[in-house]
Amino acid sequence: MTPHVTFFGGAGTVTGSKFLVEYADQRVLVECGLFQGFKQLRLRNRKRLPIDPADIDAVILTHAHIDHSGYVPALVSQGYRGHIHCTKTTRALCDILLRDAGYLQEREARAANRGGYTKHHPALPLYTQEQAEFSLSRFKPHSFSKPIQLTKDISAVFREAGHILGAAIVELSVAGKLLVFSGDLGRLNDPVMRAPEQISKADFLFLESTYGDRKHPAIDPQDALADIINRTVDRGGSVIIPSFAVGRAQSLLFHISELKAAGRIPDLPVFLDSPMAIKATNLFTDHAEAHKLSLAQAKVVSQSVIFTKSGKHSQRLDKDRSEKIIISAIGMA
């Protein structure tokens, strides 16, 4: 008997990653992500999975981004009874991201009901913040490189993927076959995150291919940032950077702090205008073992930025004409 893999997402589109691995009477779901983007994709989140969640024995996540973890509260609310296996830092990030996802689901449902732009009466969230918080109790964190027994015949090992804090490649051993799920991969020479581990063998490889048809430009990000910041400041402007809250925002803060220390840009105030990005930035000091930076370097990065912790503070930035750098979540920007 050989393992059987069914794609419930992450194929034909880059979000909604879910891969069901079956062997004998054992079932492991690798990834549990939400579909994101166009409406026709988001509607797929409302469809029940082709399998009863109660029949799944284990869930294992590569990392915390919502397109890989965001369906977990829905799966648990639909009857999944097992653990959600992940790395320790992925668990810490999911504590931030899943609570926020539940809050946003509720807010969008309330807005739809108030505005009347819904066919459902009433519109209901896919899951609530309370359901997201409950699902976190099912998480079971693990270290890298340590074998994890998921079922009688299926075990796993996490290898570093270098994408964001806690991101992992999953090696799944199923009845003598090695199935490797890359998750999202980081760059080999990233200044903040460690490089993805080298994988020496696999019987079946499930590989991220979002950027598989292109090469990264051969440009130094600090050169590009310094040029943009200096040109903007020379004409009396402020630099507004829309950024993903987890991973990208922290990378930007690192590069800006390095440019300031080298005297390549003026010592402008830097504002981080995103509650989620602020929480994720704090994790860089709480989990210094999860990246390349020393604890001292991580503290320098987090202390070089001003956190905007209220809506009023964010609104004041709009009216402040002094030169500055604002890094904001894409929606807020």
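Position numbers for residues start from 1 in each chain and track the written sequence from start to end. Predicted model: local features are reported for residues with pLDDT of at least 70 only, side-chain atom pairs are reported and counted for 80 or more only, and whole-chain, interface and lining totals are derived from all residues. Excluded from the side-chain calculation are hydrogens and water; included are all heavy atoms of the structure.

Caption draft 1: Here's a closer look at the overall build of the chain. To qualify as a helix, a DSSP run of H or I must reach at least 4 residues; to qualify as a strand, a run of E must reach at least 2; elements of each kind are numbered from the N terminus. Helix and strand counts for the chain come out as 10 helices and 15 strands. Throughout, the radius of gyration refers to the C-alpha atoms, and the reference size of a globule is 2.2 Å times the residue count to the power 0.38. A compact globule built from 333 residues would reach a C-alpha radius of gyration of about 20 Å, and the chain, at 21 Å, matches this within 12%. For the chain, the C-alpha atoms occupy an extent of roughly 65 × 55 × 35 Å along the three principal directions. Within the chain, the fraction of its 333 residues that count as buried is 50%. A 1.4 Å probe rolled over the protein chains alone gives each residue an accessible area, and that area as a share of the maximum for its type sets the label: buried under 20%, exposed over 50%, partly exposed in between.

Caption draft 2: Focus on a nonpolar patch on the surface. Here a patch means residues that are over 30% exposed by relative accessible area and free of salt bridges, tied together within 9 Å if like-charged and within 5 Å if nonpolar (Val, Leu, Ile, Met, Phe, Trp, Tyr). Under the convention used here, a 1.4 Å probe and the Shrake-Rupley method define accessible areas, while residue burial counts only the protein chains that appear. Just to be clear on terms, a salt bridge is a Lys or Arg side-chain nitrogen sitting within 4 Å of an Asp or Glu carboxyl oxygen. A cluster of nonpolar side chains, Leu185, Leu205 and Leu207, forms an exposed patch at the surface whose accessible area comes to about 270 Å². On the secondary structure map, leucine 185 appears in the loop between strand S10 (177-181) and strand S11 (204-206).

Caption draft 3: Summary view of the nonpolar core. Nonpolar cores were defined as sets of buried Ala, Val, Leu, Ile, Met, Phe, Trp, Tyr and Cys residues, with membership established by side-chain atoms within 4.5 Å. Leu172 and Ile327 are the most contacted members of the largest nonpolar core, which totals 90 residues. In terms of residue count, helix H4 (residues 88-115) provides more of this core than any other element does, 7 residues in total. Setting aside its immediate chain neighbours within four residues, leucine 172 contacts Val21, Val30, Leu150, Ile154, Ser155, Ala156, Lys177, Leu178, Leu179 and Phe181. Between two residues, a contact is recorded if the distance between any of their heavy atoms is within 4.5 Å.

Caption draft 4: Region of the structure containing the side chain of threonine 281. Assignment of secondary structure puts threonine 281 in helix H8 (residues 275-286). Owing to a relative accessible area of 2%, threonine 281 belongs among the buried residues under this scheme. Definition of a polar contact: a pair of N or O atoms within 3.5 Å, with one able to donate and the other able to accept a hydrogen when the atoms are protein atoms, and with sequence-neighbouring residues admitted only if both atoms are side-chain atoms. Polar contacts involving the side chain of threonine 281 include one to the side chain of glutamine 250, which spans 3.0 Å. Those residues within four positions of threonine 281 in sequence are excluded, and the remaining contacts are Gln250, Leu253, Leu272, Ser302 and Phe307.

Caption draft 5: Main features of the state of the cysteines. The rule for a disulfide is simple: a pair of cysteine sulfur atoms within 2.5 Å. With the rule as written, the count across this model stands at 0 disulfides. Not engaged in a disulfide, the cysteine cysteine 86 finds its nearest cysteine sulfur in cysteine 94; these two sulfurs lie 5.8 Å apart.

Caption draft 6: The pattern of salt bridges, seen in detail. Taken as a whole and judged by the stated rule, the model has 11 salt bridges. A salt bridge links lysine 152 to aspartate 153; the shortest N-O distance between them is 3.0 Å. Accessibility expressed as a relative area gives 67% for lysine 152, which makes it exposed. Note that arginine 194 and glutamate 160 form a salt bridge whose closest N and O atoms lie 3.0 Å from each other. Here arginine 194, found in the loop between S10 and S11, pairs with glutamate 160, found in strand S8 (residues 154-160); they are 34 residues apart in sequence, far enough to count as distant.

Caption draft 7: Fine view of the environment of lysine 324. Among the secondary structure elements, lysine 324 is positioned in the loop between helix H10 (311-319) and strand S15 (325-329). Separated by 56 residues in sequence, lysine 324 and leucine 268 have C-alpha atoms that sit 5.4 Å apart. Residue contacts for lysine 324: discarding those within four places in its chain leaves Gly237, Ser238, Val239, Leu268, Pro269, Phe271 and Leu317.

Caption draft 8: Inspection of the packing of H8 against helix H9 (residues 295-303) at higher detail. Direction vectors running N to C along H8 and H9 enclose 155°, while the axes themselves pass 8 Å from each other. By the angle between their directions, the pair H8 and H9 is classed as roughly antiparallel. The hand of the H8/H9 crossing is left-handed. Contacts from Thr281, Phe284 and Thr285 in H8 reach Leu295, Ala298, Lys299 and Ser302 in H9. When residues are grouped by polarity, Ala, Val, Leu, Ile, Met, Phe, Trp, Tyr, Cys and Pro land in nonpolar, Asp, Glu, Lys and Arg in charged, and all others, Gly among them, in polar. When its residues are assigned to classes, the contact of H8 with H9 shows 3 nonpolar, 3 polar and 1 charged. Lines are fitted to the C-alpha atoms to define the axes, a helix being fitted only along its stretch in contact, and any angle between axes, read from their N-to-C directions, falls within 0 to 180 degrees. The labels follow the angle: roughly parallel below 35 degrees, roughly antiparallel above 145, roughly perpendicular from 65 to 115, and oblique for the rest. Rotating anticlockwise by less than a right angle from the far helix to the near helix defines a left-handed crossing, while the corresponding clockwise rotation defines a right-handed one.

Caption draft 9: Molecular detail of empty space enclosed by the protein. Whether a set of points on the 1 Å grid over the protein atoms alone is a cavity depends on a 1.4 Å probe fitting there but being unable to get out, while an open set qualifies as a pocket with protein on both sides within 12 Å along at least five of seven lines; lining residues are those with an atom within 4 Å of a point. Grid points are joined across faces, edges and corners, and a volume is the space filled by probe spheres set on the points. Enumeration according to the criterion identifies 1 cavity of 30 Å³ or more in this entry. Of the pockets and cavities examined, the largest cavity occupies roughly 40 Å³. Looking at the largest cavity, the residues that line it are Gln250, Thr281, Phe284, Leu293, Ala298, Val301 and Ser302. Looking at the lining of the largest cavity, the elements that each hand over two or more residues are H8 and H9. Counting residues per element, the lining of the largest cavity draws most heavily on H9, at 3 residues. The residue inventory of the lining of the largest cavity, partitioned by class, reads 4 nonpolar, 3 polar and no charged.

Caption draft 10: Representation of a negative patch on the surface. A cluster of acidic residues, Asp25, Asp52, Asp55 and Asp57, forms a negative patch on the protein surface. Locating aspartate 25 in the fold gives a position in the loop between strand S2 (18-23) and strand S3 (26-30). His residues and chain termini do not enter the charge count, which takes Lys and Arg as positive and Asp and Glu as negative. In plain terms, the charge of a residue is placed at NZ if it is Lys, CZ if Arg, CG if Asp and CD if Glu.

Caption draft 11: Quick peek at the packing of helix H6 (residues 221-234) against helix H7 (residues 248-261). Following both chains from N to C, one finds H6 and H7 inclined at 70°, their axes separated by 10 Å at the closest point. On the basis of their axis angle, the class for H6 and H7 is roughly perpendicular. Seen from H6, the contacting residues are Pro221, Gln222, Leu225, Ala226 and Ile229; seen from H7, they are Leu252, Phe254, His255, Ile256, Glu258 and Leu259. For the contact of H6 with H7, the class distribution of residues is 8 nonpolar, 2 polar and 1 charged.

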